[in-house]
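Structure assessment
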Amino acid sequence: MHGLVNRSIQCFVTDTYGVDVWARIAASAGLPDGGFEAVLTYDDALTDRTLDAASRALDKCPREMLEDLGTYLASNPTVEAVRRLLRFSGTTYVEFLLSLEDLRGRARLALPDLDMPDLEVCQDTPGSFVLTARWVRPDVGHVLVGVLRAMADDYGALVLLEHEGETDGAARIRISLLDTDFAMGRDFSLAGAAA
Amino acid sequence: MSGGASLSRMSDGRVIGLSGSALSTLMPLHIWIGADGLIAHVGSTLARILPGTGLERRPLFDAVVVLRPAPLCDLADLSALQGQRIKLRLSDLADQTFTAMVVAQADGSLLLNLSFGASIADAVARYDLTLRDFAPTELTAELLFLKEAKSATLQESRALNLRLDGAKRRAQELSLTDTLTGLRNRRAMDGELGALTRDGPASRFGLMHVDLDHFKAVNDTFGHAAGDHVLLVVAEVLQSETRKDDVVCRVGGDEFVLVMKDCDDLKLLDAIARRIIARLEQPIVHEGEICRISASIGTTVSSFYNAPVADQMLSDADAATYQSKAAGRAQHTLFDPETRQSAALH
């Protein structure tokens, strides 16, 4: 697994629960000293062990923890880069949803060895979309639910998200738009804060 | 904004007409110039970033300064550049250079399309541009995405390199240090002597071999903890009797080598050796027990040799130390290059 994925889990735990909790998880999962490096690649089994250990240490079911991880990725200031890269996709929440399909290609442009989930977004009725995510870990669907929820806040949209389960290694998420202009979204400048 | 239309002739002779707003949608940074040389229409993004009243109805070469391939101010010359890469700037935005291309049309009008080129990221910040300012077919979003993703990864990479570099330095330091005393070890000594002798006769230095006397008795009588304590005191003495740049190494259980840089003054070295012996003979107290040691020292200097070789110098200093031991210990012997034997100075 790419170090960025493992590193995200590490940052999520340390930023949310503190370094001591992470140290406990790292010890019980038998992780390398100093934790994960974003620019290295690790054995997939290490990611499994980390998530298992984290789920136990945080006393959360994996599903709930992965959703929290997704919310963290799209909203925490220490990983603002992720939110910015997601906002690059569109000026409205619907544009953002529709351009999620480009995410894998864009990530590949920047990091050719980063394998991101293969995302497909279909509009089935007006205001209702289905996101299908295929990846080595189908449980990425729960992370995406967290990301989609945080990004809805970011755009000021009111949405209903339902994880409809995993079939043939693909997770299905239904996104129902209740109000695209529900609240003031967060500011976003294409140029970035310190450009 | 004028609602004029631009005409372009297709290969089979048909032409398509595009309204000004259609042109803006496709090319938000275009300038359409009528056959009269006056600007007829300006793309929406360009209009937005320009200060003042805008460009329409102004003579082209009043508003646009062509820089490359060569300065020009004639419509026919400009239209001859069709399909080529043009560099230009606008009189109203003097510090912004654009990459441009021109297409001449049948009715004598010209269509000039502009791009920010490599200054895209700066331009986005300077003019506060959003995704709406670019046509979705342009790669602007991809480019900015790439730029941010790259700089974020580069930052991670740099942080990792710093951590690795720190770890490497610590490992190097450890590999050259004697764990008990914190002095340099044999590996460090080999490195130092290697570097000094590589310089040939140019580098002048003294090499002192210090062998503790009665250390085994301390170990046997009072135990290893007392022995370790004595070694720590010895290390302290050796360091305080040498300068910062000299190298003090523990090369065996109770053997030390001192490399005195830029010093081959025999009298001075002898004085230092005697001072070391005198200080080491001070009783060392460990947990109420009094430990007594001394030292036998042998010295050689680089100027004794035409081309100093580390192994030879070590073995000569060692021979001089043996001489000190044989002569009753607790003394300093200088290696004698004439007889290739060691001579006691006293």
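Here the structure is shown first, and the text comes after it.
Cut-off values and rules
- Every chain's residues receive numbers from 1 upward, in the order its sequence appears when written.
- All chains are assigned letters beginning at A, and all ligands numbers beginning at 1, according to the order in which they are written.
- A pLDDT threshold of at least 70 governs which residues receive local features in this predicted model, and a stricter bar of 80 or more applies before side-chain atom pairs are shown or counted, although totals over entire chains, interfaces and linings include all residues.
- For side-chain calculations, the full set of non-hydrogen atoms in the structure is used, while hydrogens and water are omitted.
- The helix count covers DSSP runs of H or I at least four residues long, the strand count covers runs of E at least two residues long, and both are numbered beginning at the N terminus.
- The quantity called the radius of gyration is restricted to C-alpha atoms. Its globule counterpart is 2.2 Å times the number of residues to the power 0.38.
- For each residue, the accessible area found with a 1.4 Å probe, counting protein chains only, is set against the maximum for its type, and the residue is called buried under 20%, exposed over 50%, and partly exposed in between.
- In what follows, a contact means two residues having at least one pair of non-hydrogen atoms within 4.5 Å.
- A 1.4 Å probe and the Shrake-Rupley method give the accessible areas. Residues count as covered only by the protein chains that appear here.
- For two strands to be treated as a pair, DSSP must find at least two bridges joining them.
- With axes taken as lines fitted to C-alpha atoms, and helix axes fitted only over the stretch in contact, angles between N-to-C directions fall between 0 and 180 degrees.
- Only one rule defines a salt bridge in this text: a Lys or Arg side-chain nitrogen within 4 Å of an Asp or Glu carboxyl oxygen.
- Geometric relationships in this document are graded by angle, where less than 35 degrees denotes roughly parallel, more than 145 denotes roughly antiparallel, 65 to 115 denotes roughly perpendicular, and other angles denote oblique.
- By the convention adopted, Pro, Cys, Tyr, Trp, Phe, Met, Ile, Leu, Val and Ala count as nonpolar, Lys, Arg, Asp and Glu as charged, and the other residues, Gly among them, as polar.
- An expected span of 1.5 Å times one less than the residue number is assigned to each helix.
- Definition used in this section: a nonpolar core is a set of buried Ala, Val, Leu, Ile, Met, Phe, Trp, Tyr and Cys residues joined via side-chain atoms within 4.5 Å.
- Buried area is understood as the total, over both parts, of accessible area removed when two parts are fitted together, assessed with a 1.4 Å probe.
- What qualifies as a polar contact is a pair of N or O atoms within 3.5 Å, subject to a donor-acceptor requirement within protein and to the restriction that residues adjacent in sequence count only when both atoms come from side chains.

**Section: the overall build of chain A**
Per the secondary structure count, chain A includes eight helices and four strands. When its helices and strands are written in sequence order, chain A yields α-α-α-α-α-α-α-β-β-α-β-β. Relative to the 2.2 N^0.38 estimate, which gives 16 Å for 195 residues, the radius of gyration of chain A is 17 Å and therefore close to what a compact globule would have. Taken along the three principal axes of its C-alpha coordinates, chain A extends 50 × 45 × 35 Å. Here chain A holds 195 residues, and the buried ones make up 51% of them. Look at the contacts in chain A between residues 6 or more apart in sequence, and 60% of them connect residues 24 or more apart. Within the structure as shown, chain A displays about 9,100 Å² of accessible surface, and the carbon and sulfur contribution to it stands at 53%.

**Digging into the sheet that holds strand β5 (residues 64-68) of chain B**
Note on sheets: strands pair through backbone hydrogen bonds, and any given pair is parallel or antiparallel. All names here are of chain B. The six strands lie next to each other as β4-β3-β8-β7-β6-β5, forming an open sheet whose pairing is antiparallel. Whereas interior strands pair on both sides, the edge strands pair on one side only; in this sheet they are β4 (39-42) and β5. The sheet shows a mean angle of 35° between the axes of neighbouring strands, taken without regard to direction. Where strand β6 (residues 86-90) and strand β7 (residues 93-104) come together, five bridges link them in antiparallel fashion. Within β7, the position partnered with Ile86 by the bridge is Ala100.

**Overview of the pattern of salt bridges**
Per the stated rule, a full pass over the model turns up 35 salt bridges over all chains. Of the charged contacts, one joins Asp62 of chain B and Arg58 of chain B as a salt bridge, the two residues approaching to 3.3 Å between their closest N and O atoms. Here Asp92 of chain B and Arg58 of chain B are joined by a salt bridge, their closest N and O atoms 3.0 Å apart. Here Asp92 of chain B, found in the loop between β6 and β7, pairs with Arg58 of chain B, found in the loop between α2 (44-49) and α3 (60-63); they are 34 residues apart in sequence, far enough to count as distant. Counted as one network, the salt bridges with shared partners bring together Glu80, Arg83, Arg87, Asp154 and Arg186 of chain A.

**Looking at the environment of Tyr322 of chain B**
Position of Tyr322 of chain B relative to the elements: it lies in helix α11 (residues 310-326). Considering only alpha carbons, one finds Tyr322 of chain B and Ile297 of chain B, 25 residues apart in sequence, at a separation of 8.3 Å.

**So, the pairing of β7 of chain B**
All names here are of chain B. Between the end of β6 and the start of β7, which pair antiparallel, lie two residues. Across six bridges, the pairing between β7 and strand β8 (residues 110-115) is antiparallel. Within β8, the residue paired with Ala100 across the bridge is Leu114. Where β7 hands over to β8, the hairpin turn is made up of five residues, of which Gly108 adopts a positive phi near 90°.

**Some details on the packing of helix α3 (residues 44-58) of chain A against helix α4 (residues 62-75) of chain A**
All names here are of chain A. Between α3 and α4, the shortest axis-to-axis distance is 10 Å and the interhelical angle comes to 100°. Considered as vectors, α3 and α4 are oriented roughly perpendicular to each other. Facing Leu51, Ala54, Ser55 and Leu58 of α3, the residues of α4 in contact are Pro62, Met65 and Leu66. A breakdown of the residues in the contact of α3 with α4 according to their chemical character gives six nonpolar, one polar and no charged.

**A closer look at helix α1 (residues 3-17) of chain A**
Here α1 of chain A spans 21 Å end to end across 15 residues, near enough to the 21 Å set by a 1.5 Å rise per residue. Among the structural elements, α2 (19-29), α3 and α4 of chain A together with α6 (140-175) of chain B are those in contact with the buried residues of α1 of chain A. In the segment just after α1 of chain A, Gly18 of chain A is the residue with positive phi, at about 100°.

**Some details on the nonpolar core**
Judged by nonpolar contacts, the single largest core of 54 residues is most densely connected at Tyr93, Phe96, Leu100, Leu131, Leu148 and Ile175 of chain A. The biggest single contributor to this core is helix α8 (residues 140-155) of chain A, with ten residues. When near neighbours in sequence (up to four residues on either side) are disregarded, Leu100 of chain A contacts Leu119, Val121, Leu131 and Leu148 of chain A. Among the nonpolar cores identified, the runner-up in size contains 47 residues, and Leu60, Phe98, Leu114 and Tyr127 of chain B belong to it.

**Quick notes on the interface of chain A and chain B**
Reports of interface size often rely on the accessible area that becomes lost once the parts have come together. Between chain A and chain B, the residue contacts involve 25 residues of the former and 22 residues of the latter. Taken together, both faces of the contact between chain A and chain B bury some 2,000 Å²; the carbon and sulfur share is 68%. Looking at the side of chain A facing chain B, the largest losses of area belong to Phe88, Arg106 and Leu190 of chain A, adding up to 29% of the total buried there. Scanning the region where chain A abuts chain B turns up four salt bridges. One salt bridge in this structure joins Arg163 of chain B and Glu37 of chain A, with 2.5 Å as the shortest N-O distance. Inspection of the chain A/chain B interface yields five residue pairs in polar contact (both at pLDDT 80 or more). Those elements that provide at least two residues to the side of chain A that touches chain B are α5 (80-87) and α7 (103-110) of chain A. In the side of chain A that touches chain B, the residues fall into 13 nonpolar, six polar and six charged.

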